[in-house]
Amino acid sequence: MSVQNLLKTLKSVKRTHSPSLSSSRPFQDIPEFVSKVLSNSFPDTLDLTLPNINVTQLHLILSNPNLKPSSCLHFFNFILKNQSLVSFRPDLQAHLTLISRLVKARMFADAEDILKSVSVDENLRYPFLVIAPAIENCCSEPRVVTKIFNLLLKVYSDNRKFEQVGETFDYMKNVRIKIDERTCTVHLLSLKRNNLVGLALRFFYQMVELGIHISVYSLTVVVEGFCRSGEIKRARELVEEMVGRGIKPNVITYNIMIDCCAKIWNFNELDMILQLMEKEGQAFDIKTYKILIDGFTSAGKVEEAERLISEMYHRGIKVDTYMYNLIINGYCRLGSMKKINSLFEKMKHRGVHLNGDTYWAMINGLCKAGEMEVAMLYVSEMLSKEFQVDVVIFNTLVHGFCRKGMINEAFELQIEMERIGFDTDVSLCNRIATGLCELNRGDEAKMLLSRMIKKGISPKMMSFTSLIGT
């Protein structure tokens, strides 16, 4: 910074300065003081005495083209932090003068912070109808004015001042200041976060009517807001309307609607969305397939899910283990062991990695079907691949043995569980004890129930009754 340049700037206000406020050396110490502040040359412990600087001189300092915007910001912050040293408070013009400098220098984050202080902060804020004309008075460059108004709209939106957002939008529209689509999208996101879907839709249509370029992202924000509110039909109808206006949704937009339908099993609406995708030539991506496979399998439409797997292979899209596991679990719930075995072999043939969840799904299905010998083979295979066999799998096996009447195998597995450190489900222990009594193996049943009691587990009365008769 040039002290001489600053001195020249301050000379213009020298004649209007009141003698009563002057020091013995009027204005000679201001440039030196400003220079020290901007160069951070004041030690923290120094007792500062600020020269008789006034708000007019502050305006001149902030608007001085020979000072860097970063230096102006530093000086401005110094004044704010040391209010006890000056006889005035920086006014709206001072704030806007600095904001203009920062916007020109593309220091948008700093400009936004200062704009926030005069628009939403409790202690300093001005009404919008005061700020708006002041912006245009402080800055003659249309590009800078446009950016400041768009920043102001964003500040109001970020701070949930939605009424002021409306004021700003209408003012910009009426005086023909360009409204940036990205700023509007920020506002749509804010409305969505606050679950104000109706306001978001109204604002979106204002954008359309004003001729603001509508990006697919803005459309997707509103669509997601509808879906979160469960209004999937309105989301789909909005998409259809925008398609008619030449605004094409992308796969992300469709995936949001598909996911909403799949989670609540609204397959009628889902069919209409998929038909719209096909009509518009929008192909599925891998996320689309995952959403559909998850939805179909959870609803019992497992064959449709498996058909999608085949379609993915046909399109050259990699099918991961997670998708196969969803389908295996789906067939497990239906008790279709033949389908499960077929799918398991396809996974091996296609080189799909089998993980612990895959084996768990297979073992669970086999236990439900009573195919305990095959289930144990898969347990052995699982162990050979060093997958962890947890307490859930053990209890599933014990339950399967009990249900098939294989009490001896259930008892042996229960003992093995205790040896490893797992606890058998209480109801299963009772079933094993009852089964042992029925096989005239009362001593083993007593031993089992005794261990349960030592662990603080209360056996059912049925087990005690069985033991009394032994």
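This is a predicted model, so every value here is computed, not measured.

Summarizing the sequence annotation, UniProt attributes the feature "repeat: PPR" (unreviewed entry) to residues 215-249, 250-284, 285-319, 320-354, 355-389, 390-424 and 425-459 in the numbering used throughout. In this annotation, residues 250-284 is assigned 77% helix and 0% strand; the end-to-end C-alpha distance for the span is 10 Å. With 77% helix and 0% strand, the stretch residues 390-424 has end C-alpha atoms that lie 11 Å from each other.

What follows concerns unusual backbone geometry. Located in the positive-phi region is Arg 106, a residue other than glycine, with phi close to 65°. Checked against the element boundaries, Arg 106 lands in the loop between helix H5 (92-104) and helix H6 (108-119).

Let's shift gears to the environment of Ser 71. Considering the arrangement of structural elements, one finds Ser 71 in helix H4 (residues 69-81). Ser 71 sits in the buried class, given a relative accessible area of 18%.

The next point concerns the layout of surface pockets. By volume, the largest pocket is sized at about 280 Å³. Forming the walls of the largest pocket are 18 residues, and the residues nearest its centre are Leu 274, Phe 284, Leu 292, Leu 308 and Glu 311. Of all the secondary structure elements, the ones that give two or more residues to the lining of the largest pocket are helix H15 (267-279), helix H16 (286-298) and helix H17 (302-315). Here the lining of the largest pocket gets seven residues from one element, more than from any other, and that element is H15. Class assignment of the residues belonging to the lining of the largest pocket gives a composition of 10 nonpolar, two polar and six charged. Both domains that meet at the lining of the largest pocket, namely domain 2 (180-283) and domain 3 (287-388), each give it at least three residues. The volume enclosed by the second largest pocket comes to roughly 220 Å³. Val 103, Arg 106, Phe 108, Arg 143, Lys 147, Asn 150, Leu 151, Lys 154, Asp 180, Arg 182, Thr 183 and Val 186 together form the lining of the second largest pocket.

Moving on, we get to the side chain of Ser 157. If you trace the backbone, Ser 157 turns up in helix H8 (residues 142-158). For Ser 157, a relative accessible area of 0% corresponds to the buried category. Beyond its immediate chain neighbours, meaning those up to four positions away, Ser 157 contacts Phe 162, Val 165, Val 186, His 187 and Ser 190.

For the coordinates displayed, the defined rule picks out 10 aromatic pairs. On the numbers, 5.8 Å between centres and 75° between planes, the contact of Phe 344 with Tyr 359 is edge-to-face. Linking Phe 344 in helix H19 (residues 337-349) with Tyr 359 in helix H20 (residues 356-369), this pair joins segments that are 15 residues apart in sequence. You can call Phe 344 buried: its relative accessible area is 0%.

Rules and cut-offs
Residues numbered from 1 in each chain as written. Predicted model: local features only at pLDDT ≥ 70, side-chain atom pairs only at ≥ 80, totals over all residues. Heavy atoms only, no water. UniProt positions renumbered as here; feature names shortened; annotations may be inferred. Helix = DSSP H or I, 4+ residues; strand = E, 2+ residues; numbered from the N terminus. Buried < 20%, exposed > 50% of the residue type's maximum accessible area, 1.4 Å probe, protein only. 1 Å grid on protein atoms, 1.4 Å probe; cavity = no way out; pocket = protein on both sides within 12 Å on 5 of 7 lines; lining within 4 Å. Points joined across faces, edges and corners; volume = space filled by probe spheres on them. Nonpolar A, V, L, I, M, F, W, Y, C, P; charged D, E, K, R; others polar. Domains from an automatic or database assignment. Contact = heavy atoms within 4.5 Å. Phe/Tyr/Trp six-rings, centres within 6.5 Å; stacked < 30°, edge-to-face > 60°.

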